Amino acid sequence: MQGKNKSPHNNSPNSLSRREFLKGVGTTAVAAAASQAEQLAAQIKEVSDEKVHGPEAVPVTLHVNGEKRKLVLEPRVTLLEAIREHLNLTGQKEVCDRGTCGACTVMVDGVPQYSCMKLAVDSQNEDITTVEGLSSNGQLNKVQQAFIECDSLMCGYCTPGFVVNLTALLDHNPKPSEADVREACSGNLCRCGTYPRIFDAALKAAGVKTKSRVQILSAKDIINA
Amino acid sequence: MPSWPTEPVYIGKSTQRVDGPEKVTGEARYSSDIHNEGWIYGMILRSQWPNAKIHSIDLSAARNVPGIKAAIKVRDDEFVAHYYGQELAAVAGTSKQACIDALLLIKVDATDIAFVVSEETAINPDSSRVFPDFPNIGEPKVRENGEVDKAFAQSAVTVEGLYATQIQMHHCLETHGNTAHQQGDNLTVWASTQGVFSVRDGLASNLELPQNKVRVISDYMGGGFGSKFGPGVEGVLVSRLTQKTGLPVKLMLPRYDEAKAVGNRPSSFQKIRMGADADGKIIAFELNSFGTSGFTSGPSTAGGGGRAGFPSPYLYNIPNTRVRQAGVAVNTGSSRAFRAPGHPQASFGMESIMDEMAARLNMDPLDFRLKNDTHDSLPAEIRRKEWKIAAESFGWKEKYNPPGSSKGTIKKGIGLAGGTWGGGGRGTQAECQINSDGSVELRCGTQDLGTGTRTLMAIIAAEIFGLKPGQITARLGDTLFPPSGGSGGSTTAASVSPAIYDICHNALKELGEVSGMEDPTGNQWFAACRKIGIQPLIVQGRWQEGLSSRGVGGVQMAEVEVDTETGFIKLNKVLCVQDCGLVVNKLATESQANGGVIMGVGYALYEERIMDSLSGVVLNPNFENYKLPGAQDMPEIEIILMEMPERGVIGIGEPVTIPTAAAIANAVANAIGARVPTLPITPDKVLAALGKVPNKPADSLAGNWGDFDQKLNWSQYSPTQEEGGGH
Amino acid sequence: MKPFQYATASSADGALELCGKNDQFLAGGTDILGEVKEFVSNPGRLVNIKNLPGTREIVETDTGWKLGANVTIAEIAAHEGLRRALPGLTQAAAKVGSPQIRNMGTLAGNLAQHSRCWYYRHRDVQCLKNGGARCYARESENKYHSIFSGNPCISPVVSNMAVILAALEASVNIRRGKQTFDIKMAEFYMVAWFNPYAHNSLKPADLILEVNIPVKTRSCVYLQVSEKSDFDWALVSCAAAGDLDGNALKNVRVALGAISPMVQEVEDANSFLEGKELDRRTASMAANIILEEAEPLEHNGYKVPMARALIRRALFKLAGINLERETS
């Protein structure tokens, strides 16, 4: 389903991600394939552009869910606002707007980040994946499917953030322990209190068995008590 | 008398949420996600003063900001803004940035007025007043039973304690707000609400519109917990902005405003005295308490409905009781209903002193409960069984050690607490449309707060029609549908289920007549529906007696580890045993129980709104310092649902959150042999309770209000008959 | 956020040229955007410095480790070589924020982050640090503030990384104008003690290039206590680094965070420990020396016993002993 360093959830062979690009710059060990050399040069030019932009709206190109999207935004527009309000991808939510709740979590080159604490203008040349980019042709991914089966959502407002975050976890760690899942979720808040079932869903999606922590006692049991 | 099927296929089993796919893919459109053609942003300017006379508001510079389409004032006259965060003005513009820039340019001419934000300060006669003509604290409501003073005199053991609970914020993840669109005479509002009809009626009366010109829709909403019944000032303002511009306006509160003006759980300051005989039977009880529900607390409610009272004495059967309670006004935003209003406060105070008494009597707290949880009521009867079931499942007797006897630096402790709640159903109407292709649509003007109401509707219809829940389309959250009440008080399931039962049975009757089939359900369904013809069958119905009931009991037990050198508390386990009548959807019921416990964990250990007495602002209007429980804070949660199908449907959203904090507090006290008397129980308080903080002796932890009842001479007030304790 | 310009620098020279008097650098963004959103900081321009060459590397040198300014906290936490060589560094990195914060936040950003004082960060309060007349925390809600409080602004150092790096005697390599120089980690917050407007010893437009750790491997440990289990600021943090010769302590350094505007290090404590047998009494005496001059405020006295416990535990942890699990 995916290459190792590439975001698995979209398909943008032409955009060399910033992460890979920097890797190329940073370490001589990375031998950029000859065919990529030209591309690399172009990228260097693009990100090295020391031009001053704004404060008025400027052209911004985002790569979201495998699509190139051109927008005109003030530099102070966050990635979250660009995605939600300008691209109308409203899956990711604005909840705290301060990088404390995780509802806005997107994958940036496959890595979960808070889109509320990132400028859109600062997110060009990166592969952005939102929850809308996780299911293809109406086919839910494993995490989404497990969320439904385990009832890992209630009001559902935190759900897209958790789903994106846990999808990224399983991409990097296909057989996580419950401790891994808890740690991965520590930057996402849920107010309805679905955490135990979010843990269950992540483990279920990874094919790890979990035990039910719930019993139902019938009236008979109660009378006999 | 109607009755639920005795051998159901879906009812009582686990059914996946019918709207799960929309929620996991981001397709679900919440009020915050409604982007109608041409929509613009709305934003509110709030008072930055804790108390101020607002002379005038100048909007001219704001109106000149490019992109700004409208700027309005909340009121045109001079007025007093009573708290930090009170609404002053609003703007609408084509971008968020334009609105931000405009708000910064609004000039407010205001004069500071002395303020008070601390309850402990506000009760003093020399405190500055929230309303000049009234003292901040009102006369207490007094309830008295038996001969209290005599009973105390006869008590073998008497204990006294001071307990306080904090202001808890709802902090629904979707903030309060709406998208509103005025088109011609018609106003449509997509509201994040627990009551589409209450929002509609509130808007109609505020805006002087006929109710039939206002439509409120809440397809998906991101949590309410009691704070989202009316339109709120923000609802009125967004409606005025769309009326002014003719454009759809989206106005969702930013998180920091959520901490100011849209509700909270009132605080409580409880002075409790309890007397018991030598056998451990409680014979005397006295509570004097105050708390705040914000600026609308106290003797002048200034149009607000805030109240800081709570049921007392809670749960236990005590023959001689005296309860005096008052509200105190402070310059802060008003409280609103919050998941089981009053009960978590009541449970914390009562269960704390119960454990203090048990320790004095050298009794196991469980035995002490069993001896005194003796009311002649169904919830109490059920709870008496729950104590035993819980004890057995938890291993209470094996794990229990007297307070403070745990060895080592990290000490283990266990605690327990109980709760009760009413709930029950009430008038709800619904309709069912059956089409000739066999498809079914249910319509009900209720809301799904995340509790799974939509799924519940589908389950009941599927059960009665012999179909699958996935074959039913359940629609709700729209004032065009038959009316239902607000989703509060754990009443939604018990209100909606009987109405769906009724419409489905009515529909079967009509379908039988149309199709000529005696039993058109199950295999016969599609054949029967083909006889319907072009005009679908539309059948109405309403809530029926006999399919739901009210009154539940629950108990919880908690196990903690307390690091006595750092004060850090690790919550290992919570067991929740909850009476719940007929379970409609096992999955959703369990999720509710998990959620209630987790909210109780936050109340116990982390959450507290901090008001600053120096500046008068909310110091933590964010999730950085208003701490919500997170993934790593989760204990093992075990749920035991006590199913009694013959009682019919009973909601459990609220009861499950009541005992959690008290059980955890008792577990901490059991572990360390000292009590932290105020919530939340944070490491600093644990260290102080252990006597390890030089400038904070353990007996200072409750605060400086212990003699308030004497200072205010509360003994002069005689009983007024009001609602009493919770059983 | 008020309007601002945005530019991307591709070299240190470029960055300095782009960053004027009212401008600020932008890397991970998790700190500065919070300030800008609250109008606490209103830069005219944000200069993206994430792409400066060579600043994303973790390199083992002949004498120690070189960590580039733009290495993310997640990269430090996941680095196997560092985990083996300097486990306390991994522990400190793993406790920074949340996974998302660690994926975004950079080492330099963690060190240079601004005060988290809830008055300073408040949009409707103008405190001393913000140019106002009074330090509200000193008089009012100071639960999270410094217990070393004899200075004007009592907002404490909150960087985890600074605490462990101080114990490891690391230095920060800084570009100022045309010059490049090193500041010892221990001195990195010194100016914040005297100057209420300062968050650290950096001047405007100072650019952190790298952090150098002068040892290749060392026993070291990082501990913190927070109110929540995770994703919460430390109430007190403590790092210790050093060697054990049998049971004797050698070259031990102890550093604490969240209790002072500077990383709290006391040379007398380090020299007191030199050559001593590790036992509870020694550890407690070191704690006494470190905390001797603490002047707790109304609501933060608890930090004293908490710090004491962490110092003892950190020292024992150097010897592989979990003191809190030992029965006394």
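Remember, it's a predicted structure, so these values are computed and weren't measured experimentally.

### Looking at the overall build of chain C
Looking only at helices and strands, chain C has 13 helices and 11 strands in total. For chain C, whose C-alpha radius of gyration is 19 Å, the value lies close to the compact-globule estimate of 20 Å for 328 residues. Overall, chain C is about 60 × 50 × 35 Å in size when its C-alpha atoms are taken along their principal axes. Relative to its 328 residues, chain C shows a buried fraction of 66%.

### A closer look at the overall build of chain B
Of the regular secondary structure elements, chain B holds 19 helices and 23 strands. In terms of C-alpha radius of gyration, chain B reaches 27 Å, essentially the compact-globule figure of 27 Å for 727 residues. Burial status across chain B gives 69% buried among its 727 residues. In chain B, of all internal contacts separated by at least 6 residues, the share reaching a separation of at least 24 is 82%. Entry remark: accessible area of chain B is about 23500 Å², with carbon and sulfur atoms responsible for 47%. Considering chain B, the positive charge centre built from 67 side chains and the negative charge centre built from 79 side chains are found 1 Å apart.

### A few points about the interface of chain B and chain A
Facing 72 residues of chain B, the contacting portion of chain A comprises 58 residues. Taken as a group, B:Val24, B:Gln97 and B:Leu173 account for 13% of the area that chain B buries against chain A, more than any other trio of residues on that side. At the junction of chain B with chain A, the criterion picks out eight salt bridges. Residue B:Lys96 pairs with A:Glu94 through a salt bridge whose shortest N-O separation is 2.7 Å. Joining chain B to chain A, the criterion identifies 30 residue pairs in polar contact (both at pLDDT 80 or more). Of all the elements in the fold, those that place two or more residues in the side of chain B that touches chain A are α1 (20-25), α3 (96-105), α8 (255-258), α11 (378-394), α16 (586-605) and β23 (636-643) of chain B. Counting residues per element, the side of chain B that touches chain A draws most heavily on α16(B), at 10 residues.

### Brief notes about the domain arrangement of chain C
Residue and element names in this part refer to chain C. What the domain assignment reports for chain C is domain 1 (1-52) and domain 2 (54-328). Residue-level contacts link 20 residues of domain 1 with 23 residues of domain 2. At the junction of domain 1 and domain 2, the tally comes to five salt bridges. In this structure, aspartate 13 engages arginine 175 in a salt bridge whose closest nitrogen and oxygen atoms are separated by 2.5 Å.

### A closer look at the sheet that holds strand β8 (residues 157-165) of chain B
All names here are of chain B. Strands sit in the order β7-β15-β14-β13-β8 across an open sheet of five strands; the sheet is mixed. Bordering the open sheet on either side are β7 (141-145) and β8, each of which pairs with just one other strand. With strand direction ignored, the average angle separating the axes of adjacent strands in the sheet is 10°. Bridging between strand β13 (residues 268-276) and strand β14 (residues 282-291) involves eight bridges; their strand directions are antiparallel. Looking at β14, one finds that alanine 276 is bridged to isoleucine 282. Sitting on the sheet, helix α9 (residues 343-360) touches β8, β13 and β14, and the angle it makes with β8 is about 150°.

### Observations concerning unusual backbone geometry
The linkage connecting A:Gly54 with the following residue, A:Pro55, adopts the cis geometry, with an omega of 10°. Within the secondary structure, A:Pro55 is located in the loop between β1 (52-53) and β2 (58-64). Going from B:Ser312 to B:Pro313, the amide bond is cis rather than trans, its omega being -5°. In this model, C:Glu169 sits at a positive phi of 60°, which is unusual for a non-glycine residue. Structurally, C:Glu169 is set in the loop between α9 (160-167) and β6 (171-176). C:Glu169 sits in the partly exposed class, given a relative accessible area of 41%.

### Side note on the interface of chain A and chain C
Accessible area lost upon the coming together of the parts is a frequently used measure of interface size. At the junction of the two partners, chain A supplies 40 residues and chain C supplies 41 residues. Surface buried jointly by chain A and chain C totals about 3200 Å² across both partners, of which 56% is contributed by carbon and sulfur atoms. It is A:Glu50, A:Arg76 and A:Met117 that lose the most area in chain A upon contact with chain C, and together they represent 21% of the buried surface on that side. For the pair chain A and chain C, the interface holds four salt bridges. One salt bridge in this structure joins A:Asp122 and C:Lys50, with 2.8 Å as the shortest N-O distance. One can count 16 residue pairs in polar contact (both at pLDDT 80 or more) joining chain A with chain C. Looking at the side of chain A that touches chain C, the elements that each hand over two or more residues are α1 (18-26), β1, β5 (111-114) and α6 (178-184) of chain A. By the bridge criterion, two bridges tie β1(A) to strand β1 (residues 5-8) of chain C in an arrangement that is antiparallel. Counterpart to A:His53 in the pairing with β1(C) is C:Tyr6.

### Side note on the sheet that holds strand β12 (residues 249-252) of chain B
Sheet strands pair by backbone hydrogen bonding; their relative direction is either parallel or antiparallel. All names here are of chain B. What the seven strands build is an open sheet, ordered β3-β5-β1-β12-β9-β10-β11; its pairing is mixed. Edge positions in the open sheet fall to β3 (68-73) and β11 (214-217), since each of these has one partner strand only. Each strand axis lies, on average, 20° off the axis of its neighbour in the sheet, ignoring direction. Relative to β12, strand β9 (residues 177-183) runs antiparallel, the two sharing four bridges. Bridge pairing in β12 places alanine 180 opposite valine 249. Across the sheet, helix α6 (residues 196-207) lies against β10 (186-191) and β11, angled at about 145° from β11, the strand it touches most.

### Some remarks on the nonpolar core
A general trend in soluble globular proteins is that nonpolar side chains are found buried together. Among the nonpolar cores identified, the biggest contains 283 residues, and C:Leu111, C:Met161 and C:Leu165 are the most heavily contacted of them. Among the nonpolar cores identified, the runner-up in size contains 43 residues, and B:Ile459, B:Ala494, B:Leu511 and B:Cys529 belong to it.

### Focus: the domain arrangement of chain B
Residues and elements named next belong to chain B. As far as domains go, chain B holds domain 1 (34-113 + 172-258), domain 2 (268-423 + 549-711) and domain 3 (425-542). Placing a centre on the C-alpha atoms of domain 1 and another on those of domain 3 gives a separation of 36 Å. If you look at the interface, domain 1 gives 16 residues, while domain 3 gives 17 residues. Here domain 1 meets domain 3 over a buried area of about 1200 Å², counting both sides, of which 54% is carbon and sulfur. Area buried by domain 1 at its contact with domain 3 is led by Gln194, Phe197 and Arg215, which between them contribute 43% of it. Our count for the contact surface shared by domain 1 and domain 3 stands at two salt bridges. Aspartate 219 is paired through a salt bridge with arginine 454; the nearest N and O atoms lie 3.0 Å apart. Applying the counting criterion to the domain 1 and domain 3 interface returns seven residue pairs in polar contact (both at pLDDT 80 or more). Of the residues in the side of domain 1 that touches domain 3, the class split is eight nonpolar, five polar and three charged.

### Description of the packing of helix α13 (residues 453-465) of chain B against helix α14 (residues 492-515) of chain B
Residues and elements named next belong to chain B. Remark: α13 packs on α14, axes separated minimally by 9 Å, with the N-to-C direction vectors making an angle of 30°. Once α13 is placed against α14, the crossing between them reads as right-handed. On α14, the residues touching Thr453, Leu456, Met457, Ile460, Ala461, Ile464 and Phe465 of α13 are Thr492, Ala493, Val496, Ser497, Ile500, Tyr501, Cys504, His505, Ala507 and Leu508. Taken together, the residues of the contact of α13 with α14 break down into 13 nonpolar, four polar and no charged.

### Concerning the environment of B:Ile652
Residue and element names in this part refer to chain B. Looking at where isoleucine 652 falls in the secondary structure, it is placed in the loop between β23 and α17 (660-672). Among the residues examined, isoleucine 652 registers a relative accessible area of 6% and is labelled buried. Ignoring sequence-local partners within four residues, the contact set of isoleucine 652 consists of Ser490, Gln578, Asp579, Cys580, Thr589, Gln592, Ala593 and Leu641.

### Points about the pattern of salt bridges
The full count for this structure, using the stated rule, is 74 salt bridges over all chains. Its salt-bridge partner being B:Asp579, residue B:Arg647 comes within 3.3 Å of it at the nearest N-O pair. Separated by 68 residues along the polypeptide, B:Arg647 in the loop between β23 and α17 and B:Asp579 in strand β22 (residues 569-581) bring together distant segments of the chain. For the pair B:Arg647 and B:Asp579, a shared accessibility class is recorded, and that class is buried. As a salt-bridge pair, C:Lys143 and B:Asp684 come within 3.8 Å of each other at their nearest N and O atoms. Remark: B:Asp684 occurs in helix α18 (residues 683-689) and C:Lys143 occurs in the loop between α8 (136-139) and α9; the pair is interchain, linking two chains. Of the residues examined, C:Lys143 reaches a relative accessible area of 15% and is grouped as buried. The exposure class of B:Asp684 is buried, given its relative accessible area of 13%. Bridged by salt links that share partners, the residues B:Glu144, B:Asp149, B:Arg273, B:Glu286, B:Arg322 and B:Arg324 form one connected network.

Basis of the calculations
Residues numbered from 1 in each chain as written. Chains lettered and ligands numbered in written order. Predicted model: local features only at pLDDT ≥ 70, side-chain atom pairs only at ≥ 80, totals over all residues. Heavy atoms only, no water. Helix = DSSP H or I, 4+ residues; strand = E, 2+ residues; numbered from the N terminus. Rg over C-alpha atoms; globule rule 2.2 N^0.38 Å. Buried < 20%, exposed > 50% of the residue type's maximum accessible area, 1.4 Å probe, protein only. Contact = heavy atoms within 4.5 Å. Areas by Shrake-Rupley, 256 points an atom, 1.4 Å probe, with all protein chains shown as cover. Lys, Arg positive; Asp, Glu negative; His and termini not counted. Charge placed at Lys NZ, Arg CZ, Asp CG, Glu CD. Buried area = accessible area lost by both parts, 1.4 Å probe. Salt bridge = Lys/Arg side-chain N within 4 Å of Asp/Glu carboxyl O. Polar contact = N/O pair within 3.5 Å; in protein donor to acceptor, adjacent residues only side chain to side chain. Domains from an automatic or database assignment. Pairing = 2+ DSSP bridges. Axes fitted to C-alpha atoms, helices over the stretch in contact; angles between N-to-C directions. Core = buried A, V, L, I, M, F, W, Y, C linked by side-chain atoms within 4.5 Å. Nonpolar A, V, L, I, M, F, W, Y, C, P; charged D, E, K, R; others polar. Left-handed = near helix turned anticlockwise from the far one by under 90°.

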